[in-house]
2 protein chains.
Amino acid sequence: MEPSLDVVGVGNSIVDVIAMVDEDFVKQHQLAKGSMTLISQERATALYAKMPPALEISGGSAANTVAGVASFGGTAAYLGKVRNDQLGEVYVHDLRTAGVGFDVPPAAQGPPTGRSLIQVTPDAERTMNTFLGMSMHLAPADIDADLVASAAITYCEGYLWDIALAKAAIRYAMQVAADAGRMVSLTLSDAYCVDRHRHEWLELISDKVDLLFANETEICALFETEDFDAAVQQGSAITKILALTRSAHGSVVVSGADRVEVPAVPVAQLVDATGAGDLYAAGFLFGLANGADLRRCAQLGSIAAAEIISHVGARPQTRLSSLLDRTAAKSIG
Amino acid sequence: MEPSLDVVGVGNSIVDVIAMVDEDFVKQHQLAKGSMTLISQERATALYAKMPPALEISGGSAANTVAGVASFGGTAAYLGKVRNDQLGEVYVHDLRTAGVGFDVPPAAQGPPTGRSLIQVTPDAERTMNTFLGMSMHLAPADIDADLVASAAITYCEGYLWDIALAKAAIRYAMQVAADAGRMVSLTLSDAYCVDRHRHEWLELISDKVDLLFANETEICALFETEDFDAAVQQGSAITKILALTRSAHGSVVVSGADRVEVPAVPVAQLVDATGAGDLYAAGFLFGLANGADLRRCAQLGSIAAAEIISHVGARPQTRLSSLLDRTAAKSIG
């Protein structure tokens, strides 16, 4: 049966709490610059009290990606968990009104909706300290098998792997997708995350993943090498399509003997790197689900990433479909 | 006794929920473009469900103003009411970390923290639909008389006048300030708000207000005239200082026989007009509390307004003190 959905995302449901800080703030609070660090609710409260005035905007890696797919005009749904609190309401609103199907019911009890305290430094780098909250309770029972089976691509974020229950949910989603003959995609999410799960992930990628996203640091971490080309070679040996982002240097996509390099789309002003990888994946997945070739997929990724880094927050502020020239857009489908 | 604080603000405590919409959205939902409309919790829920993905950022007119005063390096405190919910936590955090004293305890029961659903159209105009929530419960008992008596200027927002209890709180704060020999300031807030309270306000301004802020539409509404000069004349007859903003045309300040006109500070890109009046007041009040002359006060207002309209949200994203050249900054104090 033809898929009725382009992409279903599985991820942590996180409201981003974003503040502009100076480099001293990151040093003073001993934050792991550029990375995602998991923190307890107590630590979140303490760190928040030190952060300057902030703004709140829905985030979560895979959720940002499916919001991006919808913004391109693709069809997308999301599986993740929030509490029935104010941040949860905001979260559900922001995904649904972005055009993403999101029907996992908010939990009536348990920890609050997760949030990530994001410090953006003047170099536009983002440092994330995440209290997962209700996200941790995403369970296999929350995975709608019919929904997963209806999507051309099931896209899972590596961040989920930190939690045993969520890990089981991903494994289940991947199995359902594979059984339905659909494509399975994973993003490595974060180099520290890779360090925590290297061996399990190498096995998972070999066995289950058709399309792997990573940035330079993450793929090198996976293979414990500093040699990017070596990492590319090893990576492409264990998955059908490997899509690697290199910040300002664009991306490299390898599939079997094919290798494509696509430049980044230049931005007038780099404001906040949050979501760059998520939106690259959005463009890529939208293209792939709609029959584009790998070069075009990577170009769509670059277009979406450029939009997201030119403003604060990891959800598109411009309809991504409006950034495509008409001829090119037609050639996708 | 010398005041130990520059400004204390009294206002509605509102989290802004901001979305970019097209003109059609405003028409379709019959919103009063450019104005503030009070809505019920039910209407807020229904309208929110129709709004595109949004971002949340602390707002509230007088709170924006005192955050601006603090950002200039002035000393400021705030009196307003939130619930002990997630939006309330965000609200308290954003004011305190902006350097504003805010010690009214969040309520443990009652309606949730107030929010304003703000639609920003491509012309950068903002249309506000506000569910006041816990804001409505600001009571005379919440007014810390010692705090008010310690401030050079007590600044009240006209929006509060819609609620009988809050009105009593303002009246009390104004009385305390007057008794302590301090200055009392009011902003008219909104032309519809003026229509609702014209007669009471004319009396209040004559009796109690030393410094009145308004924009062109509001001052004309107060005197039921379309002739701005006539409104200026009538306004200056009933208050010591009248500070009137005219959007791109800058501001006019009248005090007795003195009349000062100050141009607006040009902005590279007008993004979101939310908070323009609030931040003009911030600059003006900071200047006045620190001994600046009226022209300089108005210039400081223009500087702060220009910063706020060049980005989304009504709280400064740049330290306003950094926008002052050093010689000028010195001349303030």
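Residues numbered from 1 in each chain as written. Chains lettered and ligands numbered in written order. Predicted model: local features only at pLDDT ≥ 70, side-chain atom pairs only at ≥ 80, totals over all residues. Heavy atoms only, no water.

Some details on the overall build of chain A
In terms of helices and strands, chain A carries 12 helices and 14 strands. Taken over the C-alpha trace, chain A has a radius of gyration of 18 Å; the compact-globule value for 333 residues is 20 Å, and the two agree within 12%. Summarising its shape, the C-alpha atoms of chain A cover approximately 50 × 40 × 40 Å along the three principal directions. Split into buried and exposed, the 333 residues of chain A put 61% on the buried side. Pairs at least 24 apart in sequence give 75% of the contacts found in chain A among residues at least 6 apart. (Helix = DSSP H or I, 4+ residues; strand = E, 2+ residues; numbered from the N terminus. Rg over C-alpha atoms; globule rule 2.2 N^0.38 Å. Buried < 20%, exposed > 50% of the residue type's maximum accessible area, 1.4 Å probe, protein only. Contact = heavy atoms within 4.5 Å.)

Section: the sheet that holds strand S10 (residues 183-187) of chain B
Residues and elements named next belong to chain B. Taken in spatial order, the nine strands make up an open sheet running S6-S5-S1-S9-S10-S11-S12-S13-S14, and their pairing is mixed. Looking at strand neighbours, the two that pair on one side only are strand S6 (100-101) and strand S14 (258-262), the edges of this open sheet. Taken together, the two bridges between strand S5 (residues 76-79) and S6 define a ladder with parallel strand orientation. Bridging from a neighbouring strand, Ala76 pairs with Val100 of S6. Along the sheet, helix H11 (residues 294-309) makes contact with strand S12 (241-245), strand S13 (251-255) and S14, crossing S14 at roughly 30°. (Pairing = 2+ DSSP bridges. Axes fitted to C-alpha atoms, helices over the stretch in contact; angles between N-to-C directions.)

Some remarks on helix H3 (residues 61-71) of chain B
Residue and element names in this part refer to chain B. Counting buried positions along H3 yields 11 of 11 residues, so the element is predominantly enclosed. Residues of H3 that are buried: Ser61, Ala62, Ala63, Asn64, Thr65, Val66, Ala67, Gly68, Val69, Ala70 and Ser71. Backbone geometry just downstream of H3 places Gly73 in the positive-phi region, at approximately 100°.

Some thoughts on the confidence of the model for chain A
Close reading of the predicted structure is inappropriate where its pLDDT is low. For chain A, mean pLDDT is 95; residues scoring 70 or higher make up 98% of the total. Interface confidence for the predicted complex, expressed as ipTM, amounts to 0.92; the pTM equals 0.94. (pLDDT = per-residue confidence, 0-100.)

Details of the pattern of salt bridges
All names here are of chain A. This structure, assessed with the given rule, holds 24 salt bridges over all chains. Two residues, Glu200 and Lys167, come together in a salt bridge whose shortest N-O distance is 3.1 Å. With Glu200 in helix H7 (residues 191-208) and Lys167 in helix H6 (residues 164-179), this residue pair connects regions lying 33 residues apart in the sequence. Classification of Lys167 as buried rests on a relative accessible area of 18%. Bridged by salt links that share partners, the residues Glu23, Lys33 and Asp123 form one connected network. (Salt bridge = Lys/Arg side-chain N within 4 Å of Asp/Glu carboxyl O.)

Here's the deal with the relation of the copies chain B and chain A
Here two copies of a chain appear, and what relates them is a rotation about an axis with a shift along it. Superposition record for chain B on chain A: RMSD 0.0 Å, screw rotation 180°, translation along axis 0.0 Å. Classification of the inter-copy transformation places it as that of a two-fold axis. Residue Glu56 of chain B of chain B places its C-alpha closer to the rotation axis than any other residue of that unit, at 2.5 Å. Comparing interface residues between copies, 100% of those in chain B also lie at the interface in chain A; the contact surface is shared. (Least-squares fit on C-alpha atoms with pLDDT ≥ 70 in both.)

A few points about the pairing of strand S13 (residues 251-255) of chain A
All names here are of chain A. With respect to burial, S13 is a largely interior element, five of its five residues being buried. Here S13 shows no split at all, with Ser251, Val253 and Ser255 on one side and Val252 and Val254 on the other all buried. Remark: five residues form the turn of the hairpin made by strand S12 (residues 241-245) and S13, two consecutive strands paired antiparallel; Ser247 in that turn has positive phi of roughly 50°. The pairing of S13 with strand S14 (residues 258-262) spans five bridges and is classified as antiparallel. Directly across from Ser251, in S14, lies its bridge partner Val262. The hairpin turn running from S13 into S14, its antiparallel successor, is two residues long, and Gly256 in that turn takes a positive phi close to 60°.

Quick word on helix H9 (residues 228-238) of chain B
Every α-helical turn comprises 3.6 residues, leaving residues that sit three or four positions apart pointing alike. Residue and element names in this part refer to chain B. For H9, every residue scored as buried is listed here: Phe228, Ala231, Val232, Gly235 and Ser236. Buried residues of H9 fall within an arc of 125° about the axis and therefore sit on the same side. Opposite its buried face, H9 presents the exposed residues Gln233 and Ala237, each directed more than 90 degrees away. Taken together, the buried residues of H9 touch helix H8 (216-222), S12, S13 and S14. Measuring from the backbone nitrogen of Asp229 back to the side-chain oxygen at the start of H9 gives 3.0 Å, which picks out Asp227 as the cap. (Arc of directions from axis to C-beta. Polar contact = N/O pair within 3.5 Å; in protein donor to acceptor, adjacent residues only side chain to side chain.)

Side note on the packing of helix H10 (residues 276-289) of chain B against H11 of chain B
Residue and element names in this part refer to chain B. H11 packs onto H10 with a crossing angle of 145° between their chain directions and a minimal axis gap of 7 Å. The two elements H10 and H11 cross, and the hand of that crossing is right-handed. In this structure, H10 uses Ala276, Leu279, Tyr280, Gly283, Phe284, Phe286, Gly287 and Leu288 to contact H11, whose residues at the interface are Leu294, Cys297, Ala298, Leu300, Gly301, Ser302, Ala304, Ala305, Ile308 and Ile309. The residue inventory of the contact of H10 with H11, partitioned by class, reads 14 nonpolar, four polar and no charged. (Left-handed = near helix turned anticlockwise from the far one by under 90°. Nonpolar A, V, L, I, M, F, W, Y, C, P; charged D, E, K, R; others polar.)

Focus on the nonpolar core
In terms of nonpolar packing, the biggest core is built from 210 residues, with Ile219 and Phe284 of chain A together with Ile219 and Phe284 of chain B touching the most fellow members. With near-sequence residues (within four places) excluded, Ile219 of chain A lies in contact with Leu188, Leu212, Ala214, Phe228, Ala231, Leu242 and Leu244 of chain A. (Core = buried A, V, L, I, M, F, W, Y, C linked by side-chain atoms within 4.5 Å.)

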